[in-house]
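# Structural overview
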Amino acid sequence: MKTKQLLKVFLACMAVVGCIQAQTKDPKMDKFINDLMGKMTLEEKIGQLNLPSSGDITTGQAKSSNIAEKIKKGEVGGLFNIKGVEKIRDVQRIAVEESRLKIPLIFGMDVIHGYETVFPIPLGLAATWNMAAIEQSARIAAIEASADGISWTFSPMVDISRDPRWGRFSEGSGEDPYLGGQIAKAMIHGYQGVGDKAYTLNSNIMACVKHYALYGAGEAGRDYNTVDMSRIRMFNEYLYPYQAAVDAGVGSVMASFNEVDGVPATANKWLMTDVLRDKWGFKGFVVTDYTGISEMIDHGIGDLQTVSARALKAGIDMDMVSEGLATVGKSLREGKVTQAEIDQACRRVLEAKYKLGLFSNPYKYCDVNRAKTEIYTPEHRAVARKIASESFVLLKNANNTLPLKKQGTIAVVGPLANTRSNMPGTWSVAVNLDTAKTVVEGVQAVAGGNVKVVYAKGSHLISDPVYENNATMFGRTLHRDKETRSDEEMLKEALDVAKSADVIIAALGESSEMSGEASSRTNLDIPDVQKTLLKELLKTGKPVVLVLFTGRPLTLTWENENVHAILNVWFGGTEAAEAIGDVLFGDANPSGKLVATFPKNVGQIPLFYNHKNTGRPLQEGKWFEKFRSNYLDIDNDPLYPFGYGLSYTTFEYSDVKLSSASIDAKGELTASVTVTNKGKADGAEVVQLYIRDLVGSVTRPVKELKGFEKVFIKAGESKTVSFKITPELLKFYNYDLDYVFEPGDFDVMIGGNSHDVKSARFTLN
């Protein structure tokens, strides 16, 4: 046997040994669960694998509901999306006082970017590039959720996506795997705690990284759609954030809806066992997504019993809603699954409950006093406001239109200017939709008494009422005026209001449910009637500031050419309105940077910064060359590149300095730049490090993000930012899927975005 093969066998054996050691590292837990499982019937073990929705449990009905009867019989392992500590306590009491073995339930919820105090949508949180702030947002979310009875969150979502047609772009961290991995770690530490201290507080909850795997790469940007890619691309471009979550100690993983290598992820043993457990050493449990098991019938791989058996054998431990794993008893009798496979899944669910402390105190998360004092507090809201202001990205600011002066008359116009329910954004399921301020109120609150703020709706969200209805679901309607006022009357009112103003703020873009699950779009322009309104506002000759609401990159070519200033505010959460005012008036200097490339039109998609060259690349700065990789009708460049974002000041970068021109396999070097604030305002800058491997055994991207640091620099001040570069940072998966670095030349690029960088070169010997 060759040396390389022997090494692979040795590493595989060590991985197995490591997993065995990990499973037995807590003898007390092992003994407890062994004793408990020794008392459990087959039906009770299978019951632990069942995660139904709490839909039929309402206040005062817990005892008589169908789910309550199943809980008494030991046929339920947990519930999700049940809100309210008293209700959860009542249901938990049934489990631990009325069932035979008194096994507690785990209670989950989609706590995606906050609980009742809601932070920016995940795409906006990522745009802060501030890992401490992101971890703090998850920490506050965990405090509030745990105070209301929740012990498990279906977050973070770490799917890489390069296609903004996909609605769930809003739930992720953008297009870059390195940044996505750092954010995954920060959020998991915020939810669970770090290392040995995980779950030690009653405010720590279990995280669930999702959607494993490749969910963000659906064909045509259509939700739930097929994914097909090579394994080398999976490992180099898509899988890292999931692995980073495992390395951070995430307690659970959610399987994705899509197929991988022709097999739905929920039944994919290579994905769930070979990679997740054997290669990465994951020790927690795997839950399906909503009806993920039964949906495999439509995928075409079998009936409910067949697909359920396949899911169990692949490594699925808990079944959300389908109740398909209830059939594995029959499959056991027919020899299609083994007792060991059922026991293994049951053990993993029980271990999660043990780690959360639910066996020692089933009511750990049911303190009604915490619910009264730790949810939506002034302290939490202040943090949310600051983080929201840090997430906004200034896309354009011609002639220093911003910041605005706190004087005169300001017109706030647009269908998103006076709505509360749309401010928190998608997947804010625990929020009170009536609590958030509107943009109008936020602007007035920050501007103060010397500013007169006037308002007009100006247009509907979308001209098509059916489309608008589909884009404003879940109580987030914008109340169409069609029956009382025509489009022309609404526009006239807006123009009359605008004439009285010194400056116009146009609150336009997407509603909160135009992005998110099942909200894919083929046209990424600002909706038609809103663009008409914007054009008419510009004809007034007044300065127009576009406050853009969006959960994805939009195509803003016309807006960029014509509007005076554009502030992308994503959906900033419950405190977004005053955070918008903070930035518009300069109380906060915008520091957000894009984590996804904005195309000039949909035809450029997928468009991302860390692409590879073809054998016929278009020369930089060129529009078109025949027989080169380009378009006839548009250049290859994005409208706004990855990492882009303006400030109310200007940052100047020095040349890159390297501590050495070369390193060896055990060495390291330092790359440094000096960043100077050349303007008159203090501000924060995200200094970004990119590296290019110039020659590889397989083709390599033109650049890859390998580090970043957000630094605050006072006006006129300079700071030196340094990055350590080691061979470990230069590794990639080669053709054989070995994780290696290769000798050769590397370009180091440092700048304020992926396009505008200073470069230097070193050699790895």
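Residues numbered from 1 in each chain as written. Predicted model: local features only at pLDDT ≥ 70, side-chain atom pairs only at ≥ 80, totals over all residues. Heavy atoms only, no water.

### So, the overall build of the protein
Scanning the protein from terminus to terminus reveals 23 helices and 27 strands. Relative to the 2.2 N^0.38 estimate, which gives 27 Å for 765 residues, the radius of gyration of the protein is 27 Å and therefore close to what a compact globule would have. Considering only C-alpha atoms, the protein reaches an extent of 80 × 70 × 45 Å along its principal axes. Within the span of the protein, comprising 765 residues, buried residues form 60% of the whole. For the protein, contacts bridging at least 24 residues in sequence account for 78% of all contacts bridging at least 6. (Helix = DSSP H or I, 4+ residues; strand = E, 2+ residues; numbered from the N terminus. Rg over C-alpha atoms; globule rule 2.2 N^0.38 Å. Buried < 20%, exposed > 50% of the residue type's maximum accessible area, 1.4 Å probe, protein only. Contact = heavy atoms within 4.5 Å.)

### Looking at a nonpolar patch on the surface
A cluster of nonpolar side chains, Trp623, Phe624 and Leu632, forms an exposed patch at the surface whose accessible area comes to about 350 Å². Topologically, Phe624 is positioned in the loop between α23 (576-584) and β17 (651-653). (Patch = residues over 30% accessible without salt bridge, like charges linked within 9 Å, V, L, I, M, F, W, Y side chains within 5 Å. Areas by Shrake-Rupley, 256 points an atom, 1.4 Å probe, with all protein chains shown as cover. Salt bridge = Lys/Arg side-chain N within 4 Å of Asp/Glu carboxyl O.)

### Some thoughts on the domain arrangement of the protein
Each assigned domain of the protein is listed here: domain 1 (378-585) and domain 2 (649-764). Taking only C-alpha atoms into account, the centre of domain 1 sits 37 Å from that of domain 2. (Domains from an automatic or database assignment.)

### Things to note about the environment of Pro120
Looking at the secondary structure, you find Pro120 in the loop between β3 (106-109) and α6 (122-126). Taking the relative accessible area as the measure of exposure, Pro120 reaches 0% and is therefore buried. Excluding anything up to four places from it in sequence, Pro120 contacts His113, Leu125, Ile387, Ala388, Ser391, Phe571, Gly572 and Gly573.

### Some thoughts on the sheet that holds strand β4 (residues 152-153)
Pairing within the open sheet is parallel, and its three strands lie in the order β2-β3-β4. Only two strands of the sheet have a single partner each, and these edge strands are β2 (78-80) and β4. In this sheet, β3 lies alongside β2 in parallel orientation, the contact comprising three bridges. Within β3, the residue paired with Phe80 across the bridge is Gly108. (Pairing = 2+ DSSP bridges.)

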